[in-house]
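Results of the structural survey
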Amino acid sequence: MMLAKRPLVVFIGPSLPPEGLPEALQADIRPPAAQGDIAAVSLEAKDCVIALIDGVFQGAPAVRHKEILWAIDRGATIFGAASMGALRAAELSSFGMHGRGLIYRWFRRNALAPDDAVAVLHTPEELGAVAITDSLFDLRIRFKQLRKEGQITACQESALVTAAFQLHYTERHLKAVLAAARDNGANISISDLAKPDCTQKQLDAQLLLDELTDRQKSGLWPLPTPAAAFVPTDAFLQDLADAGFSLDSFSGA
């Protein structure tokens, strides 16, 4: 473990409302990350700690794997959980990114899981980035709970999961999935359509931020992961250029 006080940046949006942030957390809170945002933080401070929770899925290019690897190579410690962070951490866990939470572990076990399993449609940042739809992952958990409560059978649960997979993430919510399953021939009636008080994405985000709060108090951070020398490919440099960076900053990256 490394004992140090390090700058912390958290990229977060619809996975956790502002009131869910730990009061003792000392961090630069930023909106969901897009292409170039991780690289920008690393340029600000090589030894930074980054918590990637939410990232954009449309409207702007998503966070690139290569920029995360570049930041880690420079000395950043990067955690991921809940949404885009869980996905990238599962993909890059062998290269030094630290994943946390149930969703991260699910992505690691299911290499062919769709990227949009954690995606949601949400309001603009100025309106609080509140989720409007439900993530596929949270819907799956809800269907499992409904089966355990006896509201649906195992076959009906399977029909709901299939219907949810078929819907675009911007259309996924319980009522729409229920209607789609019925259109597919399933005979399903659910008495309780109320949303749960807390989603798994929220729980995973809180888990990571609570850990980071504790690490800030103790000053203990994971040791850097030994890795092969970073190779700046043409595609990586083009991504940076597309994100508006001057490539002079990355000469000999």
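Everything below is about the structure printed above this text.
Overview of the structure.

Calculation rules
- Residues numbered from 1 in each chain as written.
- Predicted model: local features only at pLDDT ≥ 70, side-chain atom pairs only at ≥ 80, totals over all residues.
- Heavy atoms only, no water.
- Helix = DSSP H or I, 4+ residues; strand = E, 2+ residues; numbered from the N terminus.
- Rg over C-alpha atoms; globule rule 2.2 N^0.38 Å.
- Buried < 20%, exposed > 50% of the residue type's maximum accessible area, 1.4 Å probe, protein only.
- Contact = heavy atoms within 4.5 Å.
- Areas by Shrake-Rupley, 256 points an atom, 1.4 Å probe, with all protein chains shown as cover.
- Lys, Arg positive; Asp, Glu negative; His and termini not counted.
- Charge placed at Lys NZ, Arg CZ, Asp CG, Glu CD.
- Pairing = 2+ DSSP bridges.
- Axes fitted to C-alpha atoms, helices over the stretch in contact; angles between N-to-C directions.

Our next topic: the overall build of the protein. In terms of regular secondary structure, the protein is built from nine helices and seven strands. Relative to the globule expectation of 18 Å for 253 residues, the C-alpha radius of gyration of the protein, 19 Å, shows essentially globular dimensions. With the C-alpha coordinates of the protein rotated into their principal frame, the extents come out at 60 × 40 × 35 Å. Burial statistics for the protein: of 253 residues in total, 47% are counted as buried. The contacts of the protein with a sequence gap of at least 6 include a subset with a gap of at least 24, amounting to 65%. Here the protein has roughly 12,300 Å² of accessible surface; of this, 53% comes from carbon and sulfur atoms. Considering the protein, the positive charge centre built from 24 side chains and the negative charge centre built from 30 side chains are found 6 Å apart.

Let us look at the sheet that holds strand 3 (residues 28-30). The strand order across the open sheet built from five strands is 3-2-4-5-6, with neighbouring strands paired in parallel fashion. What marks the edges here is a single partner per strand, and that holds for strand 3 and strand 6 (98-100). Each neighbouring strand pair of the sheet contributes to a mean axis angle of 20°, computed without reference to strand direction. Inspection of the sheet shows strand 5 (residues 77-81) paired to strand 6 by three bridges, in the parallel sense. Residue pairing in the sheet places Ala 81 in a bridge with Arg 100 of strand 6.

Interpretation in functional terms is not warranted from these geometric data alone.
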